[in-house]
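# Structural characterization, general
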Amino acid sequence: MTLPYAEVIGDPIGQSRSPVIHGFWLEKLGLEGRYDRHLVPVEGLAGYLDERRGDAAWRGCNVTMPHKLAIVPLLDRLDPLAARIGAVNTVVREADGSLTGYNTDAPGFLEPLQPLLDQTHLFRMARVLGTGGAARAIVAALAERGFVIVLAGRDPAKARAMLDELTVQKDHHAIDLAHFADPTDFAFDDREHCLDIIVNASPLGMAGQPPLAFDFSHAPPRSVAYDIVTSPLETPFLQDARKAGLETVDGLAMLIGQADVAFTRFFGVKPPREHDEELRARLLA
């Protein structure tokens, strides 16, 4: 009998940590199955999906760059959230061989914030830095949870267009990313009973990328700083946030959170999250 399997696709793909995460959960649960990585170039994406449709053992795939947008028109249906975001990072093969696209980045991003989101706030504001594919999921997720969003990008017009496309409210703001680079003497009002988060949703600060220029005088008191970069895990952005006395969330939180949703869809069971600290240690080994 062929074991059920899922995989992650992209080009390049060697850097993906998804096989470690899903393999760890399969091992802990004692499930028969596997999770692989598969290099799929842009010109081979349609052929890859056609081949996998006929494989009953294939449960689906996670999708990384550069395919998150290109895969959308090749699928049979989209989950409503994925359709609104316009990007897919998880594909599930249904029993009839049809393919459904999901976006698990949005719930994965929100997962570590859930204890805060469960509280009642008078006001919620998010400063989101970056206008790429990950930022789309993050903006959509935050807008649904009642945040006023300040979206910062190198091209404010692109940021404005993204806000208009992904949100219903008109009180969001688009600004130049450079606005946050220099210190400010702005006097923040009373932030008690407010929730402020600052999200690096860009690749800035990632190994091989330029640093993220953000001065924490722009952060209201008691803000939460969240960096989705995973390499390095300890970014200068998070280091500076802690020096400013802020709570931080690192990139592994979102990576593991989005994998949780995908794993459940692939293998029909929730992953054993009581082992998260051991999983983190394995990912960092």
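Refer to the preceding data block for the structure.
These lines cover the structure that appears in this document, whether it is placed above or below. (Residues numbered from 1 in each chain as written. Predicted model: local features only at pLDDT ≥ 70, side-chain atom pairs only at ≥ 80, totals over all residues. Heavy atoms only, no water.)

## Quick word on unusual backbone geometry
In this chain, aspartate 11 is followed by proline 12 through a cis amide linkage whose omega measures 10°. If you trace the backbone, proline 12 turns up in the loop between strand 1 (5-10) and helix 1 (18-29). Put simply, methionine 65 and proline 66 share a cis peptide bond, and its omega is 10°. One can find proline 66 in the loop between strand 3 (58-63) and strand 4 (77-78). Unlike most non-glycine residues, histidine 193 shows phi in positive territory, near 70°. Topologically, histidine 193 is positioned in the loop between strand 9 (173-176) and strand 10 (194-200). In this structure, arginine 222 takes a positive phi of about 70° despite not being glycine. Secondary-structure assignment places arginine 222 in the loop between strand 10 and strand 11 (224-227). (Helix = DSSP H or I, 4+ residues; strand = E, 2+ residues; numbered from the N terminus.)

## A look at the packing of aromatic side chains
Enumeration over the complete set of coordinates arrives at eleven aromatic pairs. For the ring pair tyrosine 48 and tryptophan 58, a centre distance of 6.1 Å and an interplane angle of 85° mean the geometry is edge-to-face. Highlighted residues: tyrosine 48 in helix 2 (residues 45-53) and tryptophan 58 in strand 3, separated in sequence by ten residues. The same class applies to tyrosine 48 as to tryptophan 58, namely buried. (Phe/Tyr/Trp six-rings, centres within 6.5 Å; stacked < 30°, edge-to-face > 60°. Buried < 20%, exposed > 50% of the residue type's maximum accessible area, 1.4 Å probe, protein only.)

## Some words on helix 6 (residues 133-144)
The α-helix winds at 3.6 residues per turn, so residues separated by three or four positions along the chain end up facing the same way. Here helix 6 spans 17 Å end to end across twelve residues, near enough to the 16 Å set by a 1.5 Å rise per residue. Buried residues along helix 6 sit against helix 3 (80-85), helix 4 (105-110), strand 7 (123-129), strand 8 (148-153), helix 7 (156-166) and strand 10. In the segment just after helix 6, glycine 146 is the residue with positive phi, at about 85°. (Expected span 1.5 Å × (residues − 1). Contact = heavy atoms within 4.5 Å.)

## Quick look at the environment of alanine 140
As for its position among the elements, alanine 140 is in helix 6. Sequence spacing of alanine 140 and threonine 167 is 27 residues, and the spatial spacing of their C-alpha atoms is 6.7 Å.

## What to know about the sheet that holds strand 3
Within the open sheet, the six strands sit side by side as 2-1-3-5-6-4. Their pairing is mixed. In this open sheet, the two edge strands, each paired with only one partner strand, are strand 2 (34-39) and strand 4. Sheet topology places strand 4 next to strand 6 (residues 99-102); two bridges connect them, and they run parallel. The residue of strand 6 that forms the bridge with arginine 77 is threonine 100. With respect to the sheet, helix 1 is in contact with strand 1, strand 2 and strand 3, its orientation differing from that of strand 2 by roughly 165°. Across the face of the sheet, helix 9 (residues 251-267) comes into contact with strand 1, strand 2, strand 3, strand 5 (90-93) and strand 6 while running at roughly 160° to strand 3. (Pairing = 2+ DSSP bridges. Axes fitted to C-alpha atoms, helices over the stretch in contact; angles between N-to-C directions.)

## Re the sheet that holds strand 11
Pairing is parallel across the open sheet formed by six strands, whose spatial order is 9-8-7-10-11-12. Only two strands of the sheet have a single partner each, and these edge strands are strand 9 and strand 12 (247-249). The mean inter-strand angle of the sheet, taken between neighbouring strand axes irrespective of direction, is 20°. Relative to strand 9, strand 8 is paired through four bridges, and the arrangement is parallel. Across the sheet, leucine 151 pairs through a bridge with alanine 174, a residue of strand 9. In this fold helix 7 packs onto strand 8 and strand 9, with an angle of close to 160° to the strand it touches most, strand 9. Helix 8 (residues 236-243) rests against strand 7, strand 10, strand 11 and strand 12 of the sheet, and its axis sits at about 170° to strand 11.

## A few points about the packing of helix 1 against helix 9
The interhelical angle for the contact between helix 1 and helix 9, taken along N-to-C directions, is 55°, at an axis separation of 10 Å. Considering the angle they form, helix 1 stands oblique to helix 9. Like other packed secondary-structure pairs, helix 1 and helix 9 cross with a definite hand, here right-handed. On helix 9, the residues touching Ile21, His22, Trp25, Leu26 and Leu29 of helix 1 are Leu255, Ile256, Ala259, Asp260, Ala262, Phe263, Phe266 and Phe267. For the contact of helix 1 with helix 9, the residue count by class is eleven nonpolar, one polar and one charged. (Parallel < 35°, antiparallel > 145°, perpendicular 65-115°, else oblique. Left-handed = near helix turned anticlockwise from the far one by under 90°. Nonpolar A, V, L, I, M, F, W, Y, C, P; charged D, E, K, R; others polar.)

## Quick notes on helix 2
The set of residues buried in helix 2 consists of Leu45, Tyr48, Leu49 and Arg52. Mapping the buried residues of helix 2 onto a view down its axis gives an arc of 95°, with all of them on the same face. When the buried face of helix 2 is taken as reference, the exposed residues oriented beyond 90 degrees from it are Asp50 and Glu51. Residues of helix 2 that are buried in the fold lie against strand 1, strand 2, strand 3, strand 5 and strand 6. (Arc of directions from axis to C-beta.)

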